[in-house]
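# A look at the structure
Chain by chain, the residues:
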Amino acid sequence: MQAKLLGLEIGGTKLQIVAGNASAQILDRRRFVVDPAKRGAGIREQIQAALAEFIPAIKPSALGVGFGGPVDWKTGEICRSHQIEGWADFNLRDWLQSLSGLPVCVDNDANTATFGEALHGAGVGLNPVFYLTLGSGVGGGLVVDGQIYHGAKPGEAEIGHVRLDREGTIVESRCSGWAVDAKIRKLKTTEPTSVLAKLVGDSTGGEARFLVSALQQGDRAARRVLTETAEDLAFGLSHVVHLFHPEVIILGGGLSLAGEPLRAAVESALRVFTMAAFAPGPRICLAALGEDAVPVGALELARKVGSESRIAQTSTDKARPPPPHGSA
């Protein structure tokens, strides 16, 4: 059970580093609050301090990273962060390798979460696995035959940017946490007597957290918001089904905490938007790992890059010529 791998999650609002074993079990963890005003440089200072604590203590063999934004997964260079300035064109892999002396693998956080759910969560035993995270944005990932599918650079499955019409409406603008919050805020004006509007009251931000309670009370406005969101999401996912035929689609992120009502609504709507030949269609599951999807996936990235590094070193050692006969 000894921790030998490190996993790092770098998001727009949170930063966490975990230590785990070869089975991607998390054995230790540190969480940090991200200060956007300090930009990418501030996050790198936090990472440097955390590594200075972890590396001498556990002597890890590799480090995996899930980064919140587009990444060139082959080189480890960050394309940009959509939430924090100071990351564009920064080679995170090279910086971390120099800092830690470890082999490092960097990937997009949604890809990394998909990897975690596929190998240790709701996707275990299923193939292919498609995962989407419904948070401040909408991201996705695809794992095929136990490996992240990247395609051409940068290699993210940007389900959030799939168009729902020709005018430019995208999945993220209808199904992200902020989009659902906006729908619910509107109810305070259009349906102020609804249970959902009353639950929200004067609070601002994160209105979607009241959705489950309103649904449990049979509120029609809450049911309508859920149905509209599920139908838009299912319409976007129908393209995923027709193109990639996943055996399972996993719903993760903060909005997935709506739970079974959301899962069932997406499943029902997806059947309408999917051709009959594909019936009954993929399983629709809620994420099993919760907030651990990215760090568990990062530990798997670490395990993978550590193994590749050992194989490469073995090949190098075998190719090295033997010392001259009689040398000391």
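### A short note on the pattern of salt bridges
Applying the stated criterion across every chain, the model contains 15 salt bridges. Among the ionic pairs, Asp28 bridges to Arg30, the shortest N-O distance being 2.8 Å. What makes Arg30 partly exposed here is its relative accessible area of 26%. Where Glu300 meets Arg303, a salt bridge forms, and the shortest distance between an N and an O atom there is 2.8 Å. With Glu300 and Arg303 both in helix 10 (residues 293-319) and 3 residues apart, this pair spans about one turn of that helix. Residue Glu300 is classed as buried on the basis of its relative accessible area, which comes to 4%. Classification of Arg303 as partly exposed rests on a relative accessible area of 35%.

### Description of the packing of helix 5 (residues 177-190) against helix 8 (residues 220-244)
Their axes nearest at 11 Å, the elements helix 5 and helix 8 cross at an angle of 150 degrees. Judged on the interaxial angle alone, helix 8 and helix 5 are roughly antiparallel. For the element pair helix 5 and helix 8, the recorded crossing hand is right-handed. In contact with Val180, Lys183, Ile184 and Leu187 of helix 5, helix 8 contributes Ala221, Arg224, Val225, Glu228, Thr229 and Asp232.

### A short note on the packing of helix 1 (residues 39-58) against helix 2 (residues 92-100)
Here helix 1 crosses helix 2 at 35 degrees, and the two axes come no closer than 11 Å. In this structure, the crossing between helix 1 and helix 2 has a hand that is right-handed. Here helix 1 contributes Arg44, Ile47, Gln48, Leu51 and Ile55 to the contact with helix 2, which in turn contributes Trp95, Leu96, Leu99 and Ser100. Residue composition of the contact of helix 1 with helix 2, grouped by class: 6 nonpolar, 2 polar and 1 charged.

### Focus on helix 3 (residues 109-120)
Helix length check: helix 3 (12 residues) gives 16 Å between terminal C-alpha atoms against 16 Å at 1.5 Å per residue, within 8%. Among the 12 residues of helix 3, 9 are classified as buried, and the element is accordingly described as predominantly covered. Among the residues of helix 3, those classed as buried are Ala110, Asn111, Thr112, Ala113, Thr114, Phe115, Gly116, Glu117 and Ala118. N-capping of helix 3 is provided by Asn108, with a side-chain oxygen placed 2.9 Å from the backbone N of Ala110.

### Some points on the sheet that holds strand 1 (residues 5-10)
The 5 strands lie next to each other as 3-2-1-4-7, forming an open sheet whose pairing is mixed. The sheet is open, and its two edges are formed by strand 3 (26-33) and strand 7 (104-108), each paired on a single side. With direction set aside, neighbouring strand axes in the sheet form an average angle of 15 degrees. With 6 bridges joining them, strand 1 and strand 4 (residues 62-67) adopt parallel strand pairing. Looking across to strand 4, one finds that Gly7 is bridged to Gly64. Sitting on the sheet, helix 2 is in contact with strand 1, strand 4 and strand 7, with an inclination near 150 degrees to strand 7.

Cut-offs used in this document
- Residues numbered from 1 in each chain as written.
- Predicted model: local features only at pLDDT ≥ 70, side-chain atom pairs only at ≥ 80, totals over all residues.
- Heavy atoms only, no water.
- Salt bridge = Lys/Arg side-chain N within 4 Å of Asp/Glu carboxyl O.
- Buried < 20%, exposed > 50% of the residue type's maximum accessible area, 1.4 Å probe, protein only.
- Helix = DSSP H or I, 4+ residues; strand = E, 2+ residues; numbered from the N terminus.
- Axes fitted to C-alpha atoms, helices over the stretch in contact; angles between N-to-C directions.
- Parallel < 35°, antiparallel > 145°, perpendicular 65-115°, else oblique.
- Left-handed = near helix turned anticlockwise from the far one by under 90°.
- Contact = heavy atoms within 4.5 Å.
- Nonpolar A, V, L, I, M, F, W, Y, C, P; charged D, E, K, R; others polar.
- Expected span 1.5 Å × (residues − 1).
- Polar contact = N/O pair within 3.5 Å; in protein donor to acceptor, adjacent residues only side chain to side chain.
- Pairing = 2+ DSSP bridges.

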